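Listed here are the chains, written in short residue letters.
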Amino acid sequence: FPISIYIFENFSATHFLSIFYSLAFVIFYPIELALHVIGYGGIFDEQLLLVIQTTSTVKLTFISTPLIIGYAVLSLISLFSKKLTLFTLLFVIAIQIKAVQCLA
């Protein structure tokens, strides 16, 4: 999350749902592909349109370069230390809270 916010500088409440959307896509895409092959490709169109047409307020947010470098360093070091893994998780949560505060 922090790296995508740093690169694209936009954040919305649906940003947290991207992980679940990715997991659902892994299941949905092969099923939808098979349904198109047998001629029933439009069966999930209404549900898909509901997801696509969901609107959310998008705000520009800024994460400083030193903060993102700190995140990257902590992430790499946490590969070797369980204690730092917890600290890195708390660091990411703090960055997300900062981004959510920018929405208000």
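**Quick notes on helix α2 (residues 18–37)**
Across its 20 residues, α2 extends 28 Å between first and last C-alpha, which sits within 8% of the 28 Å expected from 1.5 Å per residue. One or two steps after α2, the chain reaches G39, where phi turns positive at roughly 90°.

**Regarding the nonpolar core**
Formed by I5, F11, I63, I68, Y71, L74, F91, V92 and I95, the largest nonpolar core amounts to nine residues. The residues contacting I63, other than those within four sequence positions of it, are P2, I5, Y6, I68 and I95.

**Focus: a nonpolar patch on the surface**
On the surface, F25, V26, I27, Y29, I31, L33, V37, I38, Y40, I43 and F44 cluster together into a nonpolar patch covering about 1,200 Å² of accessible area. Looking at where F44 falls in the secondary structure, it is placed in the loop between α2 and α3 (45–52).

**Brief notes about helix α4 (residues 65–77)**
For α4, built from 13 residues, the straight-helix expectation of 18 Å at 1.5 Å per residue is met to within 8% by its first-to-last C-alpha distance of 18 Å. Of all the positions in α4, only I68, Y71 and L74 are classed as buried. Along the long axis of α4, the arc covered by the buried residues comes to 125°, so they all point the same way. Looking at α4, the residues exposed on the side facing more than 90 degrees away from the buried face are P66 and L76.

**Digging into the environment of I27**
By the element assignment, I27 lies in helix α2. Distance in space between the C-alpha atoms of I27 and I69 is 35 Å, their sequence separation being 42 residues.

Criteria and thresholds
- Residues numbered from 1 in each chain as written.
- Predicted model: local features only at pLDDT ≥ 70, side-chain atom pairs only at ≥ 80, totals over all residues.
- Heavy atoms only, no water.
- Helix = DSSP H or I, 4+ residues; strand = E, 2+ residues; numbered from the N terminus.
- Expected span 1.5 Å × (residues − 1).
- Core = buried A, V, L, I, M, F, W, Y, C linked by side-chain atoms within 4.5 Å.
- Buried < 20%, exposed > 50% of the residue type's maximum accessible area, 1.4 Å probe, protein only.
- Contact = heavy atoms within 4.5 Å.
- Patch = residues over 30% accessible without salt bridge, like charges linked within 9 Å, V, L, I, M, F, W, Y side chains within 5 Å.
- Areas by Shrake-Rupley, 256 points an atom, 1.4 Å probe, with all protein chains shown as cover.
- Salt bridge = Lys/Arg side-chain N within 4 Å of Asp/Glu carboxyl O.
- Arc of directions from axis to C-beta.

Keep in mind these values describe shape, not function.
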